[in-house]
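Residues per chain are reported as follows:
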Amino acid sequence: QLTMALSSSALLHEESSRGTKANSRSSEGPELETPSPLQDNPLHQLQLASQEVLERAQKGGRSKCPQCSSSRMFYCYTCFVPVETVPTKEIPTVKLPLKIDIIKHPNETDGKSTAVHAKLLAPDDVTIYKYPCIPEYQQKRHEIALIFPGFNSVSVKDIAFHLQKPTRGNGCDHDEDCCKEPFVKQAKIEPGGGRNLNECISCNRGEGTGLKKIIFIDSTWNQTNKIITDERLQGLLQVELRSRKTCFWRHQKGKPDSYLSTIEAIYYFLVDYHQEVLKESYKGQYDNLLFFFSFMYRLIKNAKSAGKE
């Protein structure tokens with residue numbers, strides 16, 4: 001959800017004129033209008049690759065998309081590639097522990113969506129779909145979770161426990177089927193082999209969970225109902241992120257600042273997953289997912305601060 005302009009002042013003008021439409025988890029973050037030094041940036045502790053390439057591109061203005069030749073700043077949000085003035089080799093690549101599907105509402109403006117950041121920075125692990133063109137998930141729902149708050153949503157740390165539970169239609173009606181599905185595909189266990197369900201669950205669960213893919217919805221909160229009620233998403237485990245304060249610069253009217261932009265939601269989920277599910281120390285492995293986001297935050301913050309002087 002990022003709209004680029006020729007300069008920081010032009011970007012600020014464009015932000016003001018376009019309104020406040022944002023992602024379903026988005027709201028305006030900390031007081032962007034308050035002048036403060038760069039060290040006040042709440043994203044400053046991120047371990048990011050050098051952003052000099054973005055600084056050069058920002059000073060040079062818009063450039064052509066190498067695929068569709070559209071005029072863009074930094075990257076093409078239609079083709080999901082950097083523009084000519086931003087060499088791909090200077091953009092960091094992030095390897096994710098899970099595959100991510102992003103379902104984008106058809107009315108969500110391409111140029112405002114931060115979902116494209118994930119595709120640019122983790123191209124091998126992220127796929128973006130425009131609703132209603134989404135995959136059928138039912139056959140693999142035992143290894144997929146949907147990030148969406150709700151009455152039946154579970155926390156990230158409880159994902160493994162809930163994926164262990166056989167879901168209706170995937171239960172073990174026969175002993176020999178316990179280890180075939182759900183969880184991960186594996187060799188058939190013959191009857192009388194001595195393994196119970198819990199042993200079957202743990203025998204091939206890799207990192208301690210059968211989770212393979214996470215789904216995010218990219219839309220305003222008011223647009224989510226049409227997507228979340230789609231029959232193709234029913235029966236999926238829903239996961240709710242713990243509350244965090246957004247840094248997103250587009251305010252979604254009437255929504256709290258705990259509503260995250262799509263790229264923030266992806267980033268925070270992965271950090272929690274790394275610590276609470278994989279049980280590993282987090283050392284900035286996914287920080288570069290905020291490579292574009294943090295740069296734009298700083299650019300807009302500085303522009304607004306300069307406008308107050």
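None of the values given here were measured: they were computed from a predicted structure.

Caption draft 1: View of the overall build of the protein. Looking only at helices and strands, one finds eight helices and nine strands in the protein. The buried share of the protein, taken over its 309 residues, is 51%. Counted over contacts in the protein with a minimum sequence separation of 6, partners at least 24 positions apart contribute 78%. Accessible surface for the protein amounts to roughly 14700 Å². Of this, 47% is attributable to carbon and sulfur atoms.

Caption draft 2: Inspection of the sheet that holds strand 5 (residues 99-104) at higher detail. Pairing is parallel across the open sheet formed by five strands, whose spatial order is 6-5-8-7-9. Edge positions in the sheet fall to strand 6 (126-130) and strand 9 (237-239), since each has one partner strand and no second. Between one strand axis and the next, the sheet turns by 25° as a mean value, whatever way the strands run. This element, helix 7 (residues 262-276), spans strand 5, strand 7 (144-147) and strand 8 (213-218) of the sheet and lies at about 155° to strand 8.

Caption draft 3: Structural detail: helix 7. Here helix 7 spans 21 Å end to end across 15 residues, near enough to the 21 Å set by a 1.5 Å rise per residue. Counting buried residues along helix 7, 13 of its 15 residues qualify, which places the element largely inside the surrounding structure.

Caption draft 4: Just the packing of aromatic side chains, in detail. Tallied over the full model, the rule gives seven aromatic pairs. Centroid distance F216 to F269: 6.3 Å. Interplanar angle 80°. Geometry classified as edge-to-face. Note that F216 is positioned in strand 8 and F269 in helix 7, a separation of 53 residues in sequence. An aromatic cluster is built from Y75, F291 and F292, whose rings are joined through pairwise contacts.

Caption draft 5: Examining the nonpolar core more closely. Core analysis: the biggest nonpolar cluster contains 61 residues, and F74, L96, L211, F269, L289 and F292 have the highest contact counts within it. Residue contributions to this core reach at least three from each of two domains, namely domain 1 (47-91) and domain 2 (94-162 + 209-308). Not counting chain neighbours up to four residues away, the residues in contact with L289 comprise V94, L96, H117, L121, A122, I263, I266, Y267 and L270.

Caption draft 6: Layout of helix 2 (residues 52-60). Regarding helix 2, the residues found buried are V53, L54, A57 and Q58. Down the axis of helix 2, the smallest arc covering the buried residues is 130°, so these residues share one side. Of the exposed residues in helix 2, the ones pointing more than 90 degrees away from its buried face are K59 and G60. Looking one or two residues beyond helix 2, the residue adopting positive phi is G61, at roughly 90°.

Caption draft 7: Structural context of the pairing of strand 7. A two-sided burial pattern is seen for strand 7, the buried positions comprising I144 and L146 on one face and A145 and I147 on the other. As defined by bridge partners, strand 7 adjoins strand 8 across three bridges and the pair is classed as parallel. Bridged to I144 within strand 8 is K213. Bridge analysis of strand 7 against strand 9 gives three bridges, and the strand direction is parallel. In the strand pairing of strand 9, A145 is matched with L237.

Caption draft 8: Spatial organisation of the side chain of S113. Note that S113 resides in the loop between strand 5 and helix 3 (115-121). The class of S113 is buried, set by a relative accessible area of 4%.

Caption draft 9: Expanded view of the confidence of the model for the protein. Looking at the protein, the pLDDT average stands at 76 and 68% of residues meet or exceed 70. Between residues 1-40, whose pLDDT stays under 50, and residues either more than four places distant or in other chains, the model counts 154 contacts.

Caption draft 10: Expanded view of the environment of P97. Mapping P97 onto the fold places it in the loop between strand 4 (81-82) and strand 5. Using a relative accessible area of 34% as the deciding quantity, one classes P97 as partly exposed. Separated by 114 residues in the primary sequence, P97 and L211 have C-alpha atoms spaced 9.8 Å apart. Apart from residues lying up to four places away in sequence, P97 is in contact with L270, Y273, L278 and Y286.

Definitions and limits used
- Residues numbered from 1 in each chain as written.
- Predicted model: local features only at pLDDT ≥ 70, side-chain atom pairs only at ≥ 80, totals over all residues.
- Heavy atoms only, no water.
- Helix = DSSP H or I, 4+ residues; strand = E, 2+ residues; numbered from the N terminus.
- Buried < 20%, exposed > 50% of the residue type's maximum accessible area, 1.4 Å probe, protein only.
- Contact = heavy atoms within 4.5 Å.
- Areas by Shrake-Rupley, 256 points an atom, 1.4 Å probe, with all protein chains shown as cover.
- Pairing = 2+ DSSP bridges.
- Axes fitted to C-alpha atoms, helices over the stretch in contact; angles between N-to-C directions.
- Expected span 1.5 Å × (residues − 1).
- Phe/Tyr/Trp six-rings, centres within 6.5 Å; stacked < 30°, edge-to-face > 60°.
- Core = buried A, V, L, I, M, F, W, Y, C linked by side-chain atoms within 4.5 Å.
- Domains from an automatic or database assignment.
- Arc of directions from axis to C-beta.
- pLDDT = per-residue confidence, 0-100.

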